[in-house]
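Fold and geometry: a report
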Amino acid sequence: MSEQPLNPSPAGTPDAAAGTAPAAPGPSAPGPTGSTAADALPLPAEPASDAAPDALSDEDAAARRAASFERARRLRQEPRFPGGPAADPAGSHHERRIRSFQPRRSRVTTGQQESLERLWPQWGLDIDGKRVLDLAELFGGLPVVLEIGFGMGEATAQMAADDPGTGILAVDVHTPGQGNLLGLAEKAGSTNVRVANGDAVILLREMLAPESLDGLRVYFPDPWPKARHHKRRLIQPDFLDLVAPVLRPGAIVHCATDWEPYAEQMLEVLTAHPRFENTAADGGYAPRPAFRPLTRFEGQGLDKGHVVHDLLFARV
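This section reports on the structure supplied with the text. (Residues numbered from 1 in each chain as written. Predicted model: local features only at pLDDT ≥ 70, side-chain atom pairs only at ≥ 80, totals over all residues. Heavy atoms only, no water.)

Moving on, we come to the pairing of strand β4 (residues 193-197). Most of β4 sits out of view: 5 of its 5 residues are buried. Taken together, the 3 bridges between strand β1 (residues 124-126) and β4 define a ladder with parallel strand orientation. The residue of β4 that forms the bridge with Asp126 is Asn197. Here 5 bridges tie strand β3 (residues 167-172) to β4, and the two strands are oriented parallel to one another. Along β4, the bridge assignment pairs Leu169 with Arg194. Between the parallel pair β3 and β4, the chain is carried across by helix α5 (residues 175-188), and the sense of this crossover is right-handed. (Buried < 20%, exposed > 50% of the residue type's maximum accessible area, 1.4 Å probe, protein only. Helix = DSSP H or I, 4+ residues; strand = E, 2+ residues; numbered from the N terminus. Pairing = 2+ DSSP bridges. Right-handed = clockwise from strand over helix to strand, strands pointing away.)

One pass over the structure, following the stated rule, counts 0 aromatic pairs. The ring of Phe139 has Arg194 lying over it, and the distance from NZ or CZ to the ring centre is 5.2 Å. Sitting over the ring of Tyr219, Arg292 keeps its end group 5.8 Å from the ring centre. (Phe/Tyr/Trp six-rings, centres within 6.5 Å; stacked < 30°, edge-to-face > 60°. Lys NZ or Arg CZ within 6 Å of the ring centre and 35° of its normal.)

A few words now on the sheet that holds strand β2 (residues 144-148). Note: strands within a sheet are paired through backbone hydrogen bonds, in either parallel or antiparallel orientation. Taken in spatial order, the 8 strands of this open sheet run β1-β4-β3-β2-β5-β6-β8-β7, and their pairing is mixed. Only two strands of the sheet have a single partner each, and these edge strands are β1 and β7 (276-278). Each adjacent strand pair in this sheet contributes to an overall mean axis angle of 25 degrees, direction not counted. Where strand β6 (residues 247-257) and strand β8 (residues 309-315) come together, 6 bridges link them in antiparallel fashion. Across the sheet, the residue bridging to Cys255 is Leu311, located in β8. Strands in contact with helix α2 (residues 110-123) are β1 and β4; relative to β1, the strand with the most contacts, it is inclined by about 75 degrees. Strands β1, β2 and β3 of the sheet are contacted by helix α6 (residues 200-207), whose axis makes an angle of about 145 degrees with β2. (Axes fitted to C-alpha atoms, helices over the stretch in contact; angles between N-to-C directions. Contact = heavy atoms within 4.5 Å.)

Relative to the elements of secondary structure, Val201 occurs in helix α6. Owing to a relative accessible area of 16%, Val201 belongs among the buried residues under this scheme. Here the alpha-carbon distance between Val201 and Ile148, two residues 53 residues apart in the chain, equals 10.0 Å.

For the coordinates displayed, the defined rule picks out 8 salt bridges. Glu114 serves as the salt-bridge partner of Arg118, at 2.4 Å between the closest nitrogen and oxygen. Of the two residues, Arg118 and Glu114 both sit in helix α2, 4 residues apart, roughly one turn of that helix. Residue Arg118 is classed as partly exposed on the basis of its relative accessible area of 38%. The exposure class of Glu114 is partly exposed, given its relative accessible area of 36%. When the shortest N-O distance is used, the salt bridge between Glu186 and Arg118 registers 2.6 Å. A residue pair is termed long-range when its members are at least 10 positions apart, and Glu186 in helix α5 and Arg118 in helix α2 qualify at 68 residues. Under the relative-accessibility criterion, Glu186 is labelled partly exposed at 33%. Salt bridges sharing partners connect three or more residues here, namely Glu114, Arg118 and Glu186. (Salt bridge = Lys/Arg side-chain N within 4 Å of Asp/Glu carboxyl O.)

This part takes up the pairing of β3. The buried count for β3 comes to 6 of 6 residues, which makes it a mostly enclosed element. Here β3 shows a buried face lined by Gly167, Leu169 and Val171 and a second buried face lined by Ile168, Ala170 and Asp172. Here β2 pairs with β3 via 5 bridges, running parallel. Residue pairing in the sheet places Val144 in a bridge with Gly167 of β3. What joins β2 to β3 is helix α4 (residues 154-162), and the crossover it makes is right-handed.

Okay, the nonpolar core next. Formed by 39 residues in total, the largest nonpolar core has its most connected members in Leu146, Ile148, Leu169, Leu203, Leu208 and Phe239. Elements that contribute at least two residues to this core include exactly β2, β3, α6, β5 (213-219), α7 (237-246), β6, α8 (260-272) and β8. Formed by 19 residues, the second largest nonpolar core is a distinct cluster that contains Trp123, Phe150, Ala157 and Ala170. (Core = buried A, V, L, I, M, F, W, Y, C linked by side-chain atoms within 4.5 Å.)

Encoded structure:
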């Protein structure tokens, strides 16, 4: 999963996933300027104006640093919208591992905020790692495809509207995109979309039953182009090890990217994995399926000369 976010790809779709430290209890709702109760944390008194900067004792300096750290920590964990996506849904599952995404906060429009506050209780869920999802109940018995990283949600909303017989569990950590997708789905009258907030790795590892998914979509994940960042790319052997058990036999893993080196890595990793088989007869890339919409971001990339590669592999 907007994988961003972790976003230099033209589709703007991060690799979706998140999880940090446990949320602090009881912060007040943010005001119009985004201030919260965490801003009221006391700081040690400032030194007198005629005191030299180095006159602070070690204890005072340490206290100021600790207070600043605590205020920043609480701000990161502050829920932005009442009843909406949690700032830290899987805090108790915090672990040291390389992430394929970078959570970010950016401006949420009035419409997106309204959608989050009104629709999240019905169509949203937090990836907290505390339960196994009953997808049959969640989607009314529809076959379910997991989409990791949906950006602003335009393509996801279109696919949901075009195929109401398939449920889409869409994962991302980008709050504006979450609100936008909820609003687009409601506008189209689509009831087959659920928006999941948090770390897709925790979802795959702890919240999905074996063979419960009918497909996986990863469109334009963050390519992490620098060589030292390649370890952050989502499509890796360990990730496929998590994916394979929750897919039904024959389920399709569909990846798309406009970053040529990443496409080559995807093809290599998927081809080498014993649980997946290329559906392309020549063992290479597949034509873009008609059900994957051509987004405006993808169109901009094509205008710049980028080549988009689709990969479709079946779980065996």
